[in-house]
Amino acid sequence: MESALASASDDLQKTPLYDLHVELGARMVPFAGYSMPVQYPAGLMAEHRHTRTAAGLFDISHMGQLRLVGPEAAAAFETLMPVDVIGLAPGKQRYGLLLNDEGGILDDLMFFNEGGGSIFVIVNGACKAGDLAHIQASIGQRCQVQPLPGHALLALQGPLAATVLARLAPGIERFVFMTGGAVQIGGIAAFATRSGYTGEDGFEISVAAQDAEALARLLLAQPEVQPVGLGARNSLRLEAGLCLYGNDIDTTTTPVEASLNWAIQKVRRSGGAREGGFPGAARVLAQLTADGGAAGHLDHETLKRKRVGLVALERVPVRDGTLLQSFEGAPIGQVTSGLLGPTVDRPVAMGYVALAYAEPGTRLQAIVRGKPVPMEVSTLPFVPARYYRG
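Residues numbered from 1 in each chain as written. Predicted model: local features only at pLDDT ≥ 70, side-chain atom pairs only at ≥ 80, totals over all residues. Heavy atoms only, no water.

Chemist: Would you explain the environment of Thr254 in this entry?
Modeler: Its location among the elements puts Thr254 in the loop between α7 (230-239) and α8 (281-291). Here the alpha-carbon distance between Thr254 and Leu339, two residues 85 residues apart in the chain, equals 24 Å. (Helix = DSSP H or I, 4+ residues; strand = E, 2+ residues; numbered from the N terminus.)

Chemist: Where do I start with the side chain of Asn113 in this structure?
Modeler: Along the chain, the position of Asn113 falls in strand β7 (residues 105-115). By relative accessible area, which is 15% here, Asn113 ends up buried. Only 2.8 Å separates the side chain of Asn113 from the backbone oxygen of Leu88, close enough to count as a polar contact. Looking at Asn113, its side chain comes within polar contact range of the main-chain nitrogen of Gly115, at 2.8 Å. With residues up to four places along the chain from it excluded, the contact list for Asn113 reads Leu88, Ala89, Pro90, Gly91, Lys92 and Ser118. (Buried < 20%, exposed > 50% of the residue type's maximum accessible area, 1.4 Å probe, protein only. Polar contact = N/O pair within 3.5 Å; in protein donor to acceptor, adjacent residues only side chain to side chain. Contact = heavy atoms within 4.5 Å.)

Chemist: Even after reading the chapter, I still don't get the pairing of strand β20 (residues 371-378), so can you show me in this structure?
Modeler: Side-chain direction in a regular strand flips from residue to residue, so the side chains alternate between the two faces of the sheet. Alignment of strand β15 (residues 305-312) against β20, held across four bridges, turns out to be antiparallel. In the strand pairing of β20, Gly309 is matched with Ser378. Both strand β19 (residues 363-368) and β20 contribute to a ladder of six bridges, which runs antiparallel. Bridge pairing in β20 links Leu364 to Met375. Following β19, the chain reverses through two residues before pairing antiparallel with β20; Arg369 in that reversal takes a positive phi of roughly 50 degrees. (Pairing = 2+ DSSP bridges.)

Chemist: Just to check I follow, could you spell out helix α2 (residues 44-53) for this structure?
Modeler: Each α-helix winds once per 3.6 residues, and so residues spaced three or four apart point in a common direction. Taken together, the buried positions of α2 are Glu47, His48, His50, Thr51 and Arg52. Here the buried face of α2 lies against β3 (34-39), β4 (55-59), β10 (151-157), β14 (225-227) and α7.

Chemist: What is the right way to look at the packing of α2 against α7 in this model?
Modeler: For any two helices packed against each other, the geometry is given by the interaxial angle and the distance between the axes. At their nearest, the axes of α2 and α7 sit 8 Å apart, and the two run at 50 degrees to each other. Classified by the interaxial angle, the pair formed by α2 and α7 is oblique. In this structure, α2 crosses over α7, and the sense of that crossing is right-handed. For the pair α2 and α7, contact is made by Leu44, Glu47, His48, Thr51 and Arg52 and by Gly231, Ala232, Ser235, Leu236 and Glu239, respectively. When grouped by side-chain class, the residues that make up the contact of α2 with α7 number three nonpolar, four polar and three charged. (Axes fitted to C-alpha atoms, helices over the stretch in contact; angles between N-to-C directions. Parallel < 35°, antiparallel > 145°, perpendicular 65-115°, else oblique. Left-handed = near helix turned anticlockwise from the far one by under 90°. Nonpolar A, V, L, I, M, F, W, Y, C, P; charged D, E, K, R; others polar.)

Chemist: Explain the sheet that holds strand β11 (residues 180-185) to me, please; I cannot follow it from the model alone.
Modeler: Each strand in a sheet pairs with another by means of backbone hydrogen bonds, the pair being arranged parallel or else antiparallel. Spatially, the six strands line up as an open sheet ordered β11-β12-β13-β10-β4-β14, and their pairing is mixed. Among the strands making up the open sheet, the edge pair consists of β11 and β14. Neighbouring strand axes in the sheet, compared pairwise and without regard to direction, differ in orientation by 30 degrees on average. Here β4 pairs with β10 via four bridges, running antiparallel. Considered in β10, the bridge of Leu57 is made with Leu156.

Chemist: Can you help me understand the environment of Pro147 in this one?
Modeler: On the secondary structure map, Pro147 appears in strand β9 (residues 144-147). In this structure Pro147 comes out as partly exposed when scored by relative accessible area, which is 42%. Residue contacts for Pro147: discarding those within four places in its chain leaves Gln65, Leu66 and Leu132.

Chemist: Hey, could you run me through unusual backbone geometry in this one?
Modeler: With the exception of glycine, most residues fall at negative phi, and the peptide bonds are largely trans. The omega angle of the peptide bond from Leu380 to Pro381 is 0 degrees, so this bond is cis rather than trans. Relative to the assigned elements, Pro381 resides in the segment after β20. Notably, Ser259 is not glycine yet its phi reads approximately 60 degrees, a positive angle. Tracing the backbone shows Ser259 in the loop between α7 and α8. The class of Ser259 is partly exposed, set by a relative accessible area of 21%. Of note, Asp345 is a non-glycine position whose phi angle comes to about 55 degrees, a positive value. Mapped onto the secondary structure, Asp345 falls in the loop between β17 (331-341) and β18 (346-354).

Chemist: Would you take a moment to explain the packing of aromatic side chains for this structure?
Modeler: Two aromatic rings are characterised by how far apart their centres lie and by the angle between their planes. Going through the model one piece at a time under the given rule, you end up with five aromatic pairs. Summarising the aromatic geometry, the rings of Phe120 and Phe191 are spaced 5.3 Å apart at their centres and angled 70 degrees between planes, so their arrangement reads as edge-to-face. Taken together, the residues Phe120 in strand β8 (residues 118-123) and Phe191 in strand β12 (residues 188-193) connect sequence positions 71 residues apart. With respect to class, Phe120 is no different from Phe191; both count as buried. An aromatic cluster of at least three residues, connected via ring pairs, comprises Phe112, Phe120 and Phe191. The residue whose ring lies beneath Lys14 is Tyr18, and the NZ or CZ to ring-centre distance is 4.4 Å. Sitting over the face of the ring of Tyr352, Arg305 holds its NZ or CZ atom 4.6 Å from the ring centroid. (Phe/Tyr/Trp six-rings, centres within 6.5 Å; stacked < 30°, edge-to-face > 60°. Lys NZ or Arg CZ within 6 Å of the ring centre and 35° of its normal.)

What follows is the structure, encoded as structure tokens:
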């Protein structure tokens, strides 16, 4: 999820962990209106590898947290997204997409059914003011929309994350991917879900802002844990094939173009019990049909492009904004995210290409500093996901 949009303002906000970041020697940068750590003295590569092998602690308190409350909360929220909100069981979490009237993505988010008519929602930092206004204006008459500005958000990610948290919060290891609940971590009250943005097993932890530093210090005191900044968070999520809002998805892209069909449950699709009924439904449902038509026939008129994974066949990093061409020199798309993947040790990228070039194994070229770099369309993710499903 997350946004690459950085604030140009000098009046940056600070998360409750700002002083701790400075104490730890972080290099701070503007991000989504906040002063955020991009890396610590160990450096991006070390932080990335530590998260893949042990446990990395991320400050994601710039993100927005809110709660929707009332007997109609689920039904109301479902009118804003092409996902199944009503059918989500208590104690479970789901990925969602706020859409505009053209089916473009206003934001991607996570929501959790707390039970009793309460839905906990996490949205991207740079979008949170707009999301809150949009949700309030759209469904505020049907449920209470409660912002939670007094809460911080931390993420503990990596194969040893569960080991660490089980030591501090016995029983938390019983959570499986996309479930969660209220916990006490070393005596600190928090709300945790087993989820994250790295492709690794891990947890996202919402905690009262006044307790955030104590919780972060407690986690950093564990031998498996090191702090990780935005730089490694970006390389980790790209290797995991996860979208970055503002780069890989935005208001000009639909869920189908973004290859997020998996996020649209059958009940909301054509022929489903609650088909449509969300902004841009006609366009999105038509594209879903075009993407999975009879006998695998793709409708290139209804669906013209798709997000794909890309691997450079030469050791040349291909950055966002790079033009993609056919070998005949015809423009066919653009890279939206790209870097040298520390785990896979080769240049990887994501981008949008014309539908005719979206099949894995298709060869094309990126134009880097005026020179063509051969690339191949790849399946996603680049690194296998290691979510804990029980």
